[in-house]
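# Tertiary structure, described
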Amino acid sequence: MEKDRIDYRNIKTIQELQYHRRLLSSRIDHQEIMVMYKLRCVWEFLSPSNLLDMGFRAIASYNPSFGFIYRSVEFVKNFIRRRKTTDK
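The following refers to the structure shown.

Conventions and cut-offs
- Residues numbered from 1 in each chain as written.
- Predicted model: local features only at pLDDT ≥ 70, side-chain atom pairs only at ≥ 80, totals over all residues.
- Heavy atoms only, no water.
- Phe/Tyr/Trp six-rings, centres within 6.5 Å; stacked < 30°, edge-to-face > 60°.
- Helix = DSSP H or I, 4+ residues; strand = E, 2+ residues; numbered from the N terminus.
- Buried < 20%, exposed > 50% of the residue type's maximum accessible area, 1.4 Å probe, protein only.
- Axes fitted to C-alpha atoms, helices over the stretch in contact; angles between N-to-C directions.
- Parallel < 35°, antiparallel > 145°, perpendicular 65-115°, else oblique.
- Left-handed = near helix turned anticlockwise from the far one by under 90°.
- Contact = heavy atoms within 4.5 Å.
- Nonpolar A, V, L, I, M, F, W, Y, C, P; charged D, E, K, R; others polar.

## Considering the packing of aromatic side chains
Evaluated as defined, the whole model comprises two aromatic pairs. Between the aromatic rings of F56 and F66, the centroid separation amounts to 5.8 Å while the plane-to-plane angle is 50°, which identifies the pairing as tilted. Within this pair, whereas F56 is found in helix α3 (residues 48-62), its partner F66 is found in helix α4 (residues 64-87), the two being separated by ten residues in sequence. F56 sits in the partly exposed class, given a relative accessible area of 34%. Classification of F66 as partly exposed rests on a relative accessible area of 24%. Aromatic pair F75 and F79: ring centres 6.3 Å apart, planes at 20°, arrangement stacked. You can see F75 and its partner F79 sitting in helix α4, four residues apart, about one turn around the helix.

## Quick word on the packing of α3 against α4
Between α3 and α4, the shortest axis-to-axis distance is 6 Å and the interhelical angle comes to 135°. Classified by the angle between their axes, α3 and α4 sit oblique to one another. Between α3 and α4 the crossing geometry is left-handed. Residue-level contacts link D53, F56, R57, I59, A60 and Y62 of α3 to P64, F66, G67, Y70 and E74 of α4. Partitioning the contact of α3 with α4 into residue classes produces seven nonpolar, one polar and three charged.

Taken by themselves, the reported measurements are silent on function.
Structural data, given as structure tokens:
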């Protein structure tokens, strides 16, 4: 049984996860796969820039003056990104 198992650590998309979930025989296996998938998503999302952005967002939600500055910087950043994609 153990050698027939698929290596669920290689699941990359939610569609693959749903497909393999149908093939599972036990609820414990399903929960194990869900935890591994969610941990993978969290670890792929964690980076210094994402953590910094989450911190700035949290500060901006509590401090109106910082929120104005944060939204202004985000607007400029998104404007530059849109200009770069339309220029190509």
